[in-house]
Amino acid sequence: MTIPVDTGPGIAAFAGTADTEQGDSLWRGAFRRLRRNPAAIIGAVIVLAFVTVALLAPLLAPYRAASTQWADQVTPTTVPGPSPGHLLGLDRYGSDLYTQLLYGARQSLIVGVVATLIGLVAGLALGILAGGLGRAADTVVMRFVDIMLSIPGLLLAVSVVAILGQNQVSVMIAIGTAQVPIFARLLRGSMLSQSKSDYVLAATSLGLRRRTIVLGHVLPNSLGPTIVQATLNLATAIIEVAALSFLGLGDPDPAVAEWGRMLVAAQDRFSQSPQLAFYPGFAIALSALGFTLLGEGLREALDPRQRR
Amino acid sequence: MLRFALRRLALMVPVLVGLSVLLFAWVRALPGSPARALLGERATPAGIAQINQLYGFDKSIPQQYATYIGRLIHLDFGSSIRDGRPVFGSFVEQFPGTVELAVAALLFAICLGVPLGYLAARRQGGPVDSLVVSGSLLGVVTPVFFLGILLKLVFAEWLHWLPTSQRQDPRINATHITNFYVLDGILTREWNSSWDAIVHLILPGIALGTIPLAIIVRITRASVSEVLGEDYVRTADSKGLKPSTIRRRHIMRNALLPVVTTIGLQTGLLLSGAVLTETVFAFNGIGAYLYTAISQRDYPVLQGYILFIALIYSTINLLVDLSYGVIDPRVRVT
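Residues numbered from 1 in each chain as written. Chains lettered and ligands numbered in written order. Predicted model: local features only at pLDDT ≥ 70, side-chain atom pairs only at ≥ 80, totals over all residues.

## Overview of the overall build of chain A
What chain A contains, in helices and strands, is twelve helices and zero strands. Helices and strands appear in chain A in the N-to-C order α-α-α-α-α-α-α-α-α-α-α-α. Looking at chain A residue by residue over its 308 residues, the buried ones come to 52%. In chain A, of all internal contacts separated by at least 6 residues, the share reaching a separation of at least 24 is 73%. (Helix = DSSP H or I, 4+ residues; strand = E, 2+ residues; numbered from the N terminus. Buried ≥ 20, exposed ≤ 12 C-beta atoms within 10 Å, placed from the backbone. Contact = placed C-beta atoms within 7 Å.)

Written out as structure tokens, the structure reads:
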């Protein structure tokens, strides 16, 4: 659900000339450009706030997560709004809405980060296989990636949860699986374009082993676009976690606060208490916005020529 | 062009074979025996024996795969565990609804997205540009189902302007020939039935079309601003061509190439977004049925529908690639 990344040869060529000393200046220059980009700053602030809330939820939240001790205040027609004890009011099960929102951030971050890491590691492995092991491996791996790409991401995630059973780990694996083809293609493209570069030629003629060249030279130089894509994918992952919950395939543990499930629960009280859907909905959109802005800022910073 | 088309078509074969293997393995990877997984809570020894015989789960794996492929060729995708309806039959019946929804969403996205992207590129750096760019960012990050719920609340429950659910008011009692409700109304000259179906498409269409809209805006903007800097645009301008001619023949024709690909890539998003949108609006299409299948663990339906969706998605991507060859002759040679 993010904009597909254009992985032109730009970054590869740019990074290709960089080595230890200049490598530092590439990242330092990127950081300097990032600081001058107001959109990226906004994104970074949102991401920082989101991560802080997620990590410190137990300290920031006034109550325990999923504590339904005020359930008697919720009637079939009304859900209490903001009151001195409850900043945002209650949810429809009688939990403190503010507490649930804070803990929801924690859940989104954990699942999103682990899922993206799974996608990243598996995608990198496939990408290295395809881009670094010659033609036959390339054909086999890329056809496999094509098959994965022929199933729309969310449905691929749905199939994986169906196989693995409904729990938090399988949600992570499912969302990670949907990201594998993205990373695999990215890395393969980056490696193929770099395999023609002078420094790979130099390394080959020095008699370095293929594995050393791929892991020691080509891979580090593909790091930039990979980090950008991972940041953008975190936005997608957060939305997909909520989408899976919305389809009834999220973490089934009722003690876990999750934004997508809060949205589902809000639906049947929606005309009387729209705030129940507004807060989790905005929370999902805002955190996705943060990662998107930061990711695009990073992309521009690492490769000023791709600036649009 | 023919060689390009054939080569592109040949690339689809391994994908389809792989997909069939994957989905074949999928049902067998389900927890417990496949028959038990297929029947779920309704499993009885007699039922399991019947399913085992029906699907040939008691035979060897290669034999099972051969049977499976044989059934696929005869368009036999099994029946729903839940309602007993043949999977292929219900898909054919519901698919027109999803197509109407996807077309409504794409129309909304293209008709609004291309002009907005063009405008933003022309006024790059100005207030219109900033507004369009930030609007499109919001569009990308807002979850489809949240947007659907919001639209439903504002336009249906508060303002009462538009219907909240279904494809058509059941009181209309329209005749359905093709199951494309808008088309059916036109064919039978029941204009109010067509109109009612269109009205029912507005909110879900907007909800589903917003992410594609945002993406089309951004791609159009980037692509137009790139073409605007090209020498041939300057040449056309200095030749004294009319601005409208330059816009149509020189700017748009070149700038639209990436936009066409992007639109093609949106179909996957539309199909999975349809599951969410149709669920929010209780819209009778493949998405809503798939949602029920997911919640009831109706595996034959899940398996069949995912295969159909993958087929449609791959076919559309193929068509996009081919159309790319038609619009841009340079593609054919590479």
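## Details of the overall build of chain B
Secondary structure summary: chain B contains 14 helices and zero strands in total. Nonlocal contacts in chain B, meaning residues at least 24 apart in sequence, comprise 70% of its contacts between residues at least 6 apart.

## Details of the interface of chain A and chain B
Across the boundary between the two partners, chain A contributes 40 residues, which contact 39 residues of chain B. Of all elements in the fold, only helix 5 (135-149), helix 6 (153-164), helix 10 (223-246) and helix 12 (275-302) of chain A reach the threshold of two or more residues within the side of chain A that touches chain B. Tallied by class, the residues present in the side of chain A that touches chain B amount to 27 nonpolar, ten polar and three charged. (Nonpolar A, V, L, I, M, F, W, Y, C, P; charged D, E, K, R; others polar.)

## Here's the deal with the environment of A:Met142
Relative to the helices and strands, A:Met142 is located in helix 5. Counting along the chain gives 42 residues from A:Met142 to A:Ala184, while the straight-line C-alpha distance between them is 8.5 Å.

## A closer look at helix 4 (residues 97-132) of chain A
Because the α-helix completes a turn every 3.6 residues, residues three or four places apart line up on one side. Residue and element names in this part refer to chain A. In a regular helix each residue adds 1.5 Å, so 36 residues correspond to 52 Å; helix 4 covers 51 Å between its end C-alpha atoms and thus fits that length. Judged by how many residues are buried, helix 4 sits mostly within the fold: 26 of 36 residues are covered. In the stretch just after helix 4, Gly134 is the one whose phi turns positive, near 95°. (Expected span 1.5 Å × (residues − 1).)

## Side note on the packing of helix 7 (residues 144-158) of chain B against helix 9 (residues 191-228) of chain B
If you want to describe how two helices pack, look at the angle between their axes and the distance between the axes. All names here are of chain B. Two elements in contact, helix 7 and helix 9, have axes separated by 9 Å at closest approach and are oriented at 145°. As helix 7 packs across helix 9, the resulting crossing turns out to be right-handed. Contacts from Val144, Leu147, Gly148, Leu151, Lys152, Phe155 and Ala156 of helix 7 reach helix 9 at Leu203, Ile206, Ala207, Leu208, Thr210 and Ile211. Looking at the contact of helix 7 with helix 9 residue by residue, the classes come out as ten nonpolar, two polar and one charged. (Axes fitted to C-alpha atoms, helices over the stretch in contact; angles between N-to-C directions. Left-handed = near helix turned anticlockwise from the far one by under 90°.)

## Regarding the environment of B:Phe57
All names here are of chain B. With respect to the helices and strands, Phe57 occurs in the loop between helix 3 (45-55) and helix 4 (61-73). Looking at Phe57, the number of C-beta atoms within 10 Å reads 17, which means it is partly exposed. For Phe57 and Ala35, which are 22 residues apart along the polypeptide, the C-alpha to C-alpha distance reads 7.6 Å.

## Here we look at the packing of helix 4 of chain A against helix 10 of chain A
All names here are of chain A. Following both chains from N to C, one finds helix 4 and helix 10 inclined at 125°, their axes separated by 9 Å at the closest point. By the angle between their axes, helix 4 is oblique relative to helix 10. You can see that helix 4 and helix 10 cross each other, and the crossing is right-handed. Residues Ser108, Val111, Gly112, Ala115, Thr116, Gly119 and Leu120 of helix 4 form the contact with helix 10, whose own contacting residues are Ala230, Asn233, Leu234, Ala237, Ile238 and Val241. (Parallel < 35°, antiparallel > 145°, perpendicular 65-115°, else oblique.)

## What to know about the confidence of the model for chain A
The pLDDT averaged across chain A works out to 80; a share of 86% of its residues lies at or above 70. Note on residues 1-22 of chain A: pLDDT is under 50 here. Beyond four places in sequence and across chains, it has 47 contacts. (pLDDT = per-residue confidence, 0-100.)

## Digging into the nonpolar core
The biggest cluster of nonpolar side chains holds 165 residues, and the ones touching the most others in it are A:Ala157 and A:Leu263. The element that contributes the greatest number of residues to this core is helix 9 of chain B, accounting for 15 residues. Not counting residues within four places of it along the chain, the set of residues in contact with A:Ala157 comprises A:Ala174, A:Ile175, A:Thr177, A:Ala178, A:Glu240 and A:Leu244. (Core = buried A, V, L, I, M, F, W, Y, C linked by C-beta atoms within 7 Å.)

## Re unusual backbone geometry
Residue and element names in this part refer to chain B. The backbone phi angle of Leu75 is positive, close to 55°, even though this residue is not glycine. Tracing the sequence through the fold places Leu75 in the loop between helix 4 and helix 5 (87-122). For Leu75, a count of 11 C-beta atoms within 10 Å translates into the label exposed. Backbone geometry at His160 places phi at a positive 55°, although glycine is not the residue there. Counting through the fold element by element, His160 comes out in the loop between helix 7 and helix 8 (181-187).

## A few points about helix 7 of chain B
With 15 residues, helix 7 of chain B ought to run about 21 Å at 1.5 Å a step, and its terminal C-alpha atoms sit 20 Å apart, in line with that. Approximately 25° is the largest bend angle found in helix 7 of chain B, and it occurs at B:Lys152. Of all the residues in helix 7 of chain B, the buried ones are B:Val144, B:Phe145, B:Phe146, B:Leu147, B:Gly148, B:Ile149, B:Leu151 and B:Lys152. Packed against the buried residues of helix 7 of chain B are helix 10, helix 11 (259-266) and helix 12 of chain A together with helix 9 and helix 11 (243-280) of chain B. Once helix 7 of chain B ends, the next one or two residues include B:His160, with phi positive near 55°. (Bend = angle between axes of the 7 residues up to and from the residue.)

## Some words on the confidence of the model for chain B
In this model, chain B carries an average pLDDT of 82, and 94% of its residues clear a pLDDT of 70 or more. Taken over the whole predicted complex, pTM reads 0.83, whereas the ipTM for its chain interfaces reads 0.82.

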